[in-house]
Amino acid sequence: MGELVRDGDELEWKETARWVKFEENVEEGGNRWSKPHVATLSLHSLFELRSLLLNGTVMLDMEASSMEQVADLVLDNMINANALTYDKRELVRDALLRRHRHQHERRKDNNMSRLPIIRSLADIGRNHSACKKGMTKSSSAVSMHRINSAGDIPNGDANHRSNTHFMRKIPPGAEASNILVGEVDFLEKTLSAFIRLNTATVMGGLTEVPVPTRFIFVLLGPTSNNSSFHEIGRAMATLMSDEVFHEVAYRARKRDHLLAGVDEFLDAVTVLPPGEWDPAIRIEPPAAIPSQDTRKRPQEKKEKYKEEEDEEEEEQKQREESGLSRSGRLFGGLINDVKRKVPFYWSDFKDALALQCIASWIFLYFACLSPIITFGGLLGEATGKNMAAMESLVSGFVCGMGYGFFSGQPLTILGSTGPVLVFETIVYEFCKKVDWDYMSFRLWIGIWIGIILLILVAIDASALVCYITRFTEENFATLIAFIFIYKAVENVIVIGKNFPVNTHPNIDLNYDCFCSPTNYSTVRDEFNWTDLDKESCKIYNGTLIGDGCDTPHYVPDVFLMSTILFLGTFILSTTLKDFKNALFFPSKVRQIVSDFSVIIAILSMTYLDYKVGINTPKLEVPGEFKPTLPSRGWVIYPFNRNPVWSAIVAILPALLGTILIFMDQQITAVIVNRKENKLKKGCGYHLDLFILLILILICSAMGLPWFVAATVLSINHVNSLKLESECAAPGEKPQFLGVREQRVTHILIFLMIGSSVLLTPMLKHIPMPVLFGVFLYMGAASLKGLQFFDRIMIMFMPQKYQPDYMFLRQVPIKRVHMFTLIQLGCLICLWVIKSFSSTSILFPLMLVVMIGIRKSLDCLFTRRELKILDDVMPEMTKRNEEDMRHLDDVEVGWKGRLLGYFKRK
């Protein structure tokens, strides 16, 4: 918006405000643009504007390519309509064609001292081009429409130098609306004109950026002590930046259509009482711009609720698109998954060409490496060293590469899980008891698991995933997240037990302790018994002698330093992850820091540990590529000393293992593929299961641990690849666009996992507390966005402090708490079952039971409540129509007739 002001003896159009989506004003005192804010208008100015559109000049589809032509055509129209006398024509024309001055231009006169010299560091390096003397522009309200690129407009001025920095804020295809308001002393009555050009044209320096002008609004009138022209101009600019009105302005065929658009705007506007709100306060732009679909859609008489058949068809269509509908033929689901994913296969590699993928790759590498090694240690203890850290690393490489290249959803990260460890322990104890070869028996179990999974793939059993609703998947995700948090804290506490803090520094501790052989007749001569440490003494069945044997070995500050590294990694990762929303530095720098937040935290804390020099526990990676147990190789023989009929017996544990693997895999896949992530390349439940069964067969034949989908790692993989819109319009908050779907990060993560043996000299310097801090961060980060966790939090909040969640608006708070308590009870049951080794093998079966519990909630809650708090489960019978009586009638008015008229045209 430009206003006519006097600069010395000359009149000029001075830029005072601009709109892209939000309003920015020129702050005269600070000589700068204000922070973008929501435009607040006076109701009086809107009524005045409507009156001007009703009685003033309206010219639609004007053929003009310059401001001179526009002025001549408008003035001729006013004279013909007796709105302007001929003797005033040249005076008005001269006023309209006065030069335009913009905020970004540097003045060439003595007023240079008024311009700011010092800029913020964030602005250094940006190209703020000054306009040449004599070139003019005006501020504009910008609206999106039809043009491919603002830079591809003919008739532009080759010498035109514009605000290039602001140009980057304007989305491609934008067109400008120029608002010109001013007071002159030669008019006795107000003149107004609304012009829409037939073809958008760049009019030299009319605008501060080379955006083609489509609309011009002119308001000139006599000088008045109480002029409202500024507010009327703001009202016009705000209307033109409104998504619905600018569509009306584009399609309008006559004056009445514009008036109807103003009436629609007035109908949707909200009035703030003057006594309860300060107009000087600028309202911050919303985090998410509300959808205007309800204002745009044709307002024919709507049904109170949809017909049952239509909703069932819609649900069936969604299931088919997700691959969760039975195909009716053998391997039909697998074939459909392949057809769905093949067109995107090449793009799965091209889409990884981004710095964000590098950050995700390195972060997930450390996040996957530590649990693989930890799981390998536990597995070595549980299986008599048949499988340990080395086998886990090789399995990670084999499974990760195979799954990364061929799976349907490569965003899912494979890893080791607790139930699998318990399963391996039970099988090993059974083989030890009956004196069977564990690895051979395990091979047959893996073969049968592969056969059963192949049958499930053939009959499209993954279609049953549609019964896993948010109730089940969020319970599972919350449980795994809590386990990550619990284990991270527990591991740090274990360090405190091994290296306790000396709480009595004034007391001298006696550390005298030496090893003595238990039976002196069998003393071994090849070493000195007194040189053995406590662990070695126990291994050789020696006896510990001395007062210090029961005294914990105190190492100064190990536990305290571990705590600092643990909390420092978590706090630094969390803080830097949110750095993209900070107020400092350019957006690109903030985004890079946010993407590499965990890597920066790991490197910083590792460097701190190195400089301090305290001997904290470090990551231990095998140094040689060979099986942990020297007596076994990389290929497992079918029987060894086992009877032939052991292959048949293996069917029983294989059934339980299949349930375990199927549920772990598919629930994680459901969480990754949830609609909130806005994935565009489709799902692949059947294909994922098929690739997994092949990997299980390979791992069984090589004697490697089985890897399945790891929930927390997969959630963090998705979170690390989320895409947000670049902030185009000033003040517009970044909007979530989806996830960078690709295969490269998954492949690189496990390629480095397999190469970790070669990286041992580097990895041995990483403190374990730092990795525990990463675990804590992943557990906490995976809780974000879980409605279940949000509902748990609001149970402890007073009502006036509860966030404005949509489910709180639509469901009574008591019903919300009742649903949450039932879900919390299921979570506690899952925790108890998983915590005890004797019952943890039943964990997959409990997940199936939870689906049944969720189904039984149909008797306690209405379908509407379940649809808001959870997902509606598929059912064969029609729902009770009374459950849908919550929908309000939609008002049908003149705005529907208006948009309906445009639709017919």
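This text follows the structure it describes.
Residues numbered from 1 in each chain as written. Predicted model: local features only at pLDDT ≥ 70, side-chain atom pairs only at ≥ 80, totals over all residues. Heavy atoms only, no water.

Enquirer: Pulling in residues and values, what's your account of the overall build of the chain?
Expert: The helix and strand tally for the chain stands at 33 helices and 17 strands. Considering the chain as a whole, with its 905 residues, one finds that 50% of them fall into the buried category. Taking as baseline every contact in the chain between residues at least 6 positions apart, the subset at least 24 positions apart corresponds to 80%. Of the roughly 44,100 Å² of accessible surface on the chain, 59% is carried by carbon and sulfur atoms. (Helix = DSSP H or I, 4+ residues; strand = E, 2+ residues; numbered from the N terminus. Buried < 20%, exposed > 50% of the residue type's maximum accessible area, 1.4 Å probe, protein only. Contact = heavy atoms within 4.5 Å. Areas by Shrake-Rupley, 256 points an atom, 1.4 Å probe, with all protein chains shown as cover.)

Enquirer: Break down the packing of aromatic side chains for me, citing the residues and quoting the values.
Expert: Applying the stated criterion to the full structure yields 21 aromatic pairs. Pairing phenylalanine 363 with tyrosine 777 gives two aromatic rings, centres 6.1 Å apart and planes at 70°, and the pair type is edge-to-face. A residue pair is termed long-range when its members are at least 10 positions apart, and phenylalanine 363 in helix α12 (residues 355–382) and tyrosine 777 in helix α27 (residues 768–783) qualify at 414 residues. Accessibility classification places phenylalanine 363 together with tyrosine 777 in one group, the buried group. With a centroid separation of 5.4 Å and 70° between ring planes, the pair formed by tryptophan 436 and tryptophan 645 is classed as edge-to-face. Taken together, the residues span a long stretch of sequence, with tryptophan 436 in the loop between α14 (418–434) and α15 (438–458) and tryptophan 645 in the loop between α20 (597–612) and α21 (646–649) at a distance of 209 residues. Given a relative accessible area of 54%, tryptophan 645 falls into the exposed group. Members of the aromatic cluster, joined through ring pairs, are Tyr345, Phe349, Phe405 and Phe406. Above the face of the tryptophan 33 ring, arginine 18 is positioned so that its terminal group lies 4.1 Å from the ring centre. The aromatic ring of tryptophan 706 is capped on one face by arginine 442, whose charged end is 4.4 Å from the ring centroid. (Phe/Tyr/Trp six-rings, centres within 6.5 Å; stacked < 30°, edge-to-face > 60°. Lys NZ or Arg CZ within 6 Å of the ring centre and 35° of its normal.)

Enquirer: Could you give me a rundown of the side chain of serine 347, with the residues and numbers involved?
Expert: Tracing the sequence through the fold places serine 347 in helix α11 (residues 347–350). Classification of serine 347 by relative accessible area gives buried; the value is 16%. For serine 347, the side chain forms a polar contact with the main-chain oxygen of phenylalanine 344, separated by 2.7 Å. (Polar contact = N/O pair within 3.5 Å; in protein donor to acceptor, adjacent residues only side chain to side chain.)

Enquirer: Account for a nonpolar patch on the surface, with residues named and values stated.
Expert: A cluster of nonpolar side chains, Leu330, Phe331, Ile335, Ile451, Leu454, Ile455 and Ile459, forms an exposed patch at the surface whose accessible area comes to about 590 Å². In this structure, phenylalanine 331 sits in the loop between α9 (308–321) and α10 (332–341). (Patch = residues over 30% accessible without salt bridge, like charges linked within 9 Å, V, L, I, M, F, W, Y side chains within 5 Å. Salt bridge = Lys/Arg side-chain N within 4 Å of Asp/Glu carboxyl O.)

Enquirer: How would you sum up the packing of helix α16 (residues 470–498) against helix α30 (residues 813–835)? Please name residues and give values.
Expert: Between α16 and α30, the shortest axis-to-axis distance is 10 Å and the interhelical angle comes to 50°. Considering their axes alone, α16 and α30 lie oblique with respect to each other. Of the two elements, α16 crosses α30, and the hand of that crossing is right-handed. For the pair α16 and α30, contact is made by Arg470, Phe471, Glu474, Asn475, Thr478, Leu479, Phe482, Ile483 and Tyr486 and by Phe819, Ile822, Gln823, Cys826, Leu827, Leu830, Trp831 and Lys834, respectively. (Axes fitted to C-alpha atoms, helices over the stretch in contact; angles between N-to-C directions. Parallel < 35°, antiparallel > 145°, perpendicular 65-115°, else oblique. Left-handed = near helix turned anticlockwise from the far one by under 90°.)

Enquirer: Go over the pattern of salt bridges with me, naming the residues and quoting the values.
Expert: Working definition: two side chains of opposite charge can pair if their charged atoms are close together. The tally for this structure, following the rule as stated, stands at 36 salt bridges. One salt bridge in this structure joins arginine 282 and glutamate 27, with 2.7 Å as the shortest N-O distance. Placement of arginine 282 in the loop between α7 (255–268) and α8 (293–296) and of glutamate 27 in strand β4 (residues 23–27) is noted, with a sequence separation of 255 residues between them. For glutamate 247, the salt bridge identified is with arginine 251, shortest N-O distance 3.7 Å. Of this pair, glutamate 247 and arginine 251 both sit in helix α6 (residues 243–251), four residues apart, which is roughly one turn of that helix. What emerges from the salt-bridge pattern is a single network uniting Asp72, Asp76, Arg89, Glu90 and Arg93.

Enquirer: Describe the pairing of β4, and please don't skip the residues or the numbers.
Expert: Counting buried positions along β4 yields four of five residues, so the element is predominantly enclosed. Bridge analysis of strand β3 (residues 17–19) against β4 gives three bridges, and the strand direction is antiparallel. From the neighbouring strand, alanine 17 faces β4, where its bridge partner is asparagine 25. Linking β3 to β4, which pair antiparallel, is a turn of three residues. Both β4 and strand β5 (residues 32–33) contribute to a ladder of two bridges, which runs antiparallel. Across the sheet, the residue bridging to valine 26 is tryptophan 33, located in β5. (Pairing = 2+ DSSP bridges.)

Enquirer: Can you lay out unusual backbone geometry for me, pointing to particular residues and giving the numbers?
Expert: It is generally the case that most residues other than glycine have a negative phi and that most peptide bonds are trans. The backbone of asparagine 82 sits at a positive phi, close to 60°, despite the residue not being glycine. Asparagine 82 gets classed as exposed once you look at its relative accessible area, which sits at 65%. In this structure, lysine 385 is a non-glycine residue whose phi angle is positive, near 70°. Within the secondary structure, lysine 385 is located in the loop between α12 and α13 (389–406). Judged by relative accessible area, lysine 385 falls into the partly exposed class, the value being 45%.

The quantities given are spatial measurements derived from coordinates; they are silent on function.
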